[in-house]
Amino acid sequence: MTDVHDTSPVAGQQVELEIGGMTCASCAARIERKLNKLDGVAATVNYATEKAKVNAPEGLDPQRLVEVVEAAGYSATLPVPEEPEAEEEDDPTRSLRQRLVVSAVLSVPVIALAMVPALQFTYWQWISLVLAAPVVLWGALPFHQAAWANVRHGAATMDTLVSMGTLAAFSWSVYALLFGSAGVPGMTHPFELTIERMSGDGSIYLEVAAGVTTFILAGRYFEARSKRRAGAALRALLELGAKDVAVLRDGREERIPVERLAVGDLFVARPGEKIATDGVVEEGSSAVDVSMLTGESVPVEVGPGDNVVGATVNAGGRLVVRATRVGADTQLAQMAKLVEDAQTGKAAVQRLADRISAVFVPIVIALALGTLAFWLGTGATASAAFTAAVAVLIIACPCALGLATPTALLVGTGRGAQLGILIKGPEVLESTRRIDTVVLDKTGTVTTGQMSLAGVHVADGVDGEEVLRVAGALENASEHPIAQAIARGARERVGELPAVESFANVEGLGVQGVVDGRAVLVGRSALLAEWSAQLTPELIEAKSAAEEQGKTAVVVAWDGQARAVLVVSDTVKATSAEAVAQLRGLGLTPVLLTGDNEAVARSVAAEVGIDEVIAEVLPKDKVEVVTRLQAEGKVVAMVGDGVNDAAALAQADLGLAMGTGTDVAIEASDLTLVRGDLRAAADAIRLSRRTLRTIKGNLFWAFAYNIAALPLAAAGLLNPMIAGAAMAFSSVFVVSNSLRLRTFRSAVASAPLK
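Going by an unreviewed UniProt entry, the protein carries the name Heavy metal translocating P-type ATPase and comes from Saccharopolyspora oryzae. Here the protein is described in UniProt, under the heading Sequence similarities (unreviewed entry), as follows: "Belongs to the cation transport ATPase (P-type) (TC 3.A.3) family. Type IB subfamily."

Set out below in structure tokens:
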């Protein structure tokens, strides 16, 4: 089939649709094909986010897109403005919880009556029918609706299997009660696990129908609740951006919401505030921390005429900025679009149970039809033939299937939360098994992301502690991030700092003042040159060596002589080297990726034990690096914390965000490391791999118990007690197997196990 949209429209509109009714990734592909048949339309449907991004011709009514989706059997709505308050009140698990509670209350007596002969009073089977009917017809309604949608579109998922099995068990029970011998007074199900040919119309399977429904609902509820909890924990980590901005109107400041800011407006950014939007500095000078956006750890000095980017932090003095780009045109918005595009293009991993069901369901149906044909062909009665065929459908519906993924995920995510690891969902886990390359952002991930005093080089005859006392005192009076790093380092090493007199900030060069009666200068070499203070050869060499490594060198002088060179840099986290070793122990190849210069990157990589370094990359280039590695056949995990990492996190096969990072990075990732400790990345991958193994083991046993009984069903030997026992044993095994994940331990001090 050829799509009509060979070329994307040059001038068109972008429409986002919210899609409902999808049950698997094939549904997304089906909707995509339908939309793409429209002239000039290019659509991408994301099953994971349940959204479609459509590039459409300018004249096309968006409602036409909705009609096409609805004609395919799904629902579609155009986006409406979000109302956070209403969203908070809406609990997506409420309806599921109501179905689960009602089904559980009604199912318990049904199962008890079927499994305990002593409780089987006269007409107990009719009471079971009354109790089981609402469970199968109302409690399991979401499964029946999803199964019907699958049938219409030629697909088979776990919902198909559940609906088919429960309806078969319920329908046969109704038939046996109304037209067979199961409805006679005094009928009992003896507690026998014997294998013998039985009269099918004397057996009912209401406990299977009700029990399966309740177990599947419980599994779905556990999964929905774990996802909601993970979402709540993530929301608690998100940092709120700037809500308003101080705009200059007629020479006075007026606070307005950021959304009302227009191009050309003058606004004020005070020390410590986020710059509201992209613009050009009109007045003032300062140091701007751009690490969250570019990955560059050293603050950028800005003054009149320099460009600044929205969402970066003004770390120094007061700035007056003229807005040049607002809203969707800002650099931050463009990066958010990169993230969105990367997420849309990321292939969603289908649920394991659905993938197995897609093969298992047709096999079971074929086996049931084959059983029916065989018994009719051998001259058996129609009742016996239908008994065997329906028994095949009944025993093929494993109740543990609904618990296999959610229970393991619930226990795994709970254990992960205790270790500071948030797993977003089951689709995340499969990626961890195949990962072979891990890309590490430098700033804030491998390093602290904060400037600190890394070294003190003094001239001959000068006391290092005295240098720190004097320079630290003077820098303590400055708001500059580098000055604060020096002051902090000085306090840690020499204690209290003396008072400063006649303090002055020399714009763009450094600071000067009087400390203990000395005229002190701290800053660039040019500041000392203005006062004719020359650096000694030893200090020149120390300064050059620091700058070659990408570090910042600050010169100290007093009484007309250069006394020392202080080295300031972003420091490597104490745990990073151990974390890299653990990642290597998992069979992963670490790659350091940074916007910093080559010298800084090589220095950090050597310190933590990374061989491959990719430096001086822009945010959009980070996505290209990940894409290139994937094109080379590598399965890539990305660990980052900044806005500049978000698109790469979304593009990677597995994205891990530091919980100490930005909201965009956390939203774009698959796993969040709450502690901000890189060692948690190794723990996260190990835990995810073990959880995935548990889910696969659960799925195997969920099917195995029932498949073992399939030959008995096909031979017409299915005892109701065997069906009930298979259901109970498989469920108990799945839950107990999942609980083993609680024993997972963090490998902080030892090499991790695969």
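> Is there a simple way to explain the sheet that holds strand β12 (residues 313-314) in this structure?
Adjacent strands of a sheet pair through backbone hydrogen bonds, lying either parallel or antiparallel. Taken in spatial order, the three strands line up as β10-β9-β12 in an open sheet, and their pairing is antiparallel. Here the strands that pair on one side only, and so sit at the sheet edges, are β10 (300-302) and β12.

> Can you help me understand the sheet that holds strand β7 (residues 266-269) in this one?
Pairing within the open sheet is antiparallel, and its six strands lie in the order β6-β5-β7-β13-β8-β11. Since the sheet does not close on itself, it has two edges, and those belong to β6 (252-257) and β11 (307-308), each with one partner. Of the strand pairs in this sheet, strand β8 (residues 278-283) and strand β13 (residues 319-325) are connected by five bridges, and their pairing is antiparallel. Its bridge partner lying in β13, Glu283 is registered against Val320.

> Help me understand the nonpolar core, please; the structure alone is not making it clear to me.
The tendency in soluble globular proteins is for nonpolar side chains to be buried as a group. Phe170, Ile204, Tyr205, Leu206, Val364, Ile394 and Ile395 are the most contacted members of the largest nonpolar core, which totals 56 residues. Broken down by secondary-structure element, the contributors of at least two residues to this core are α4 (94-115), α5 (124-139), α7 (158-179), α8 (206-237), α11 (352-377), α12 (382-395), α25 (679-714) and α26 (720-739). With residues up to four places along the chain from it excluded, the contact list for Leu206 reads Val110, Gln125, Ser128, Leu129, Ala132, Phe170, Ser173 and Leu177. In this structure, Val428, Leu429, Ala579 and Leu741 belong to the second largest nonpolar core, which totals 48 residues.

> Got a minute to help me understand the UniProt feature "transmembrane region" (unreviewed entry) in the protein in this structure?
Mapped onto this numbering, the UniProt entry gives "transmembrane region" (unreviewed entry) at residues 100-117, 123-141, 161-184, 204-222, 356-376, 382-405, 698-715 and 721-739. End C-alpha to end C-alpha, residues 100-117 measures 26 Å, and it is 89% helix and 0% strand.

> What is the right way to look at unusual backbone geometry in this model?
Note: most peptide bonds trans; most residues except glycine with negative phi. For Asp516, which is not a glycine, the phi torsion comes out positive at approximately 55 degrees. Overall, Asp516 belongs to the partly exposed group, its relative accessible area being 47%. Unusually for a residue other than glycine, Glu616 sits at a positive phi of about 55 degrees. On the secondary structure map, Glu616 appears in the loop between β23 (612-614) and α22 (619-631).

> Explanation requested: the packing of aromatic side chains in the structure shown.
Within this structure, the stated rule accounts for five aromatic pairs. The interplanar angle of 75 degrees and the centroid separation of 5.4 Å between the aromatic rings of Phe374 and Trp375 together place this pair among those described as edge-to-face. Ring geometry for Trp701 against Phe733: centres 5.3 Å apart, planes inclined by 55 degrees, an arrangement best described as tilted. You can see Trp701 sitting in helix α25 and its partner Phe733 sitting in helix α26, a full 32 residues away along the chain.

> For this particular structure, what's the right way to read the pattern of salt bridges?
Pairing between side chains of opposite charge can happen when their charged atoms approach one another. For the structure on display, the rule yields 20 salt bridges. Between Arg469 and Glu466 there is a salt bridge; the shortest N-O distance is 3.5 Å. Here the residue Arg469 and the residue Glu466 both occupy positions in helix α16 (residues 464-475), the gap between them amounting to three residues, near one helical turn. A salt bridge links Asp516 to Arg469; the shortest N-O distance between them is 3.3 Å. Residue Asp516 is located in the loop between β18 (510-515) and β19 (518-523), and its partner Arg469 is located in helix α16; the two are separated by 47 residues in the primary sequence. One network of salt bridges, in which partners are shared, links Glu253, Arg255, Arg270, Glu273 and Arg318.

> Explain a nonpolar patch on the surface here, please?
Together, Tyr175, Leu178 and Phe179 line one region of the surface with nonpolar side chains, adding up to about 330 Å² of accessible area. Note on placement: Tyr175 falls in helix α7.

> Help me out: how do you make sense of the packing of α12 against α25 in this one?
Two measures define how a pair of helices packs: the angle their axes make with one another and the distance between the axes. Where α12 contacts α25, the two axes come as close as 8 Å, and the packing angle between them is 175 degrees. Relative to α25, the element α12 is oriented roughly antiparallel. On the side of α12, the interface is formed by Ala388, Ala391, Val392 and Ile395, while α25 contributes Asn706, Ala709, Leu710, Ala713 and Ala714. Here the contact of α12 with α25 is built from residues that sort into eight nonpolar, one polar and no charged.

> I keep staring at the confidence of the model for the protein and nothing clicks. Help me out?
Reading fine detail from the predicted coordinates is not recommended where pLDDT is low. Mean pLDDT over the protein works out to 79, with 83% of the residues at or above the 70 mark. When the elements of the protein are averaged for pLDDT, helix α3 (residues 84-89) gives the smallest value, 41, and α5 the largest, 93. Low pLDDT, under 50, characterises residues 1-11; the stretch is placed with 15 contacts to residues that sit more than four places away or in other chains. Within the model, the stretch residues 749-754 combines pLDDT values under 50 with 13 contacts to residues more than four positions away or in other chains.

Conventions used here
Residues numbered from 1 in each chain as written. Predicted model: local features only at pLDDT ≥ 70, side-chain atom pairs only at ≥ 80, totals over all residues. Heavy atoms only, no water. UniProt positions renumbered as here; feature names shortened; annotations may be inferred. Pairing = 2+ DSSP bridges. Helix = DSSP H or I, 4+ residues; strand = E, 2+ residues; numbered from the N terminus. Core = buried A, V, L, I, M, F, W, Y, C linked by side-chain atoms within 4.5 Å. Buried < 20%, exposed > 50% of the residue type's maximum accessible area, 1.4 Å probe, protein only. Contact = heavy atoms within 4.5 Å. Phe/Tyr/Trp six-rings, centres within 6.5 Å; stacked < 30°, edge-to-face > 60°. Salt bridge = Lys/Arg side-chain N within 4 Å of Asp/Glu carboxyl O. Patch = residues over 30% accessible without salt bridge, like charges linked within 9 Å, V, L, I, M, F, W, Y side chains within 5 Å. Areas by Shrake-Rupley, 256 points an atom, 1.4 Å probe, with all protein chains shown as cover. Axes fitted to C-alpha atoms, helices over the stretch in contact; angles between N-to-C directions. Parallel < 35°, antiparallel > 145°, perpendicular 65-115°, else oblique. Nonpolar A, V, L, I, M, F, W, Y, C, P; charged D, E, K, R; others polar. pLDDT = per-residue confidence, 0-100.

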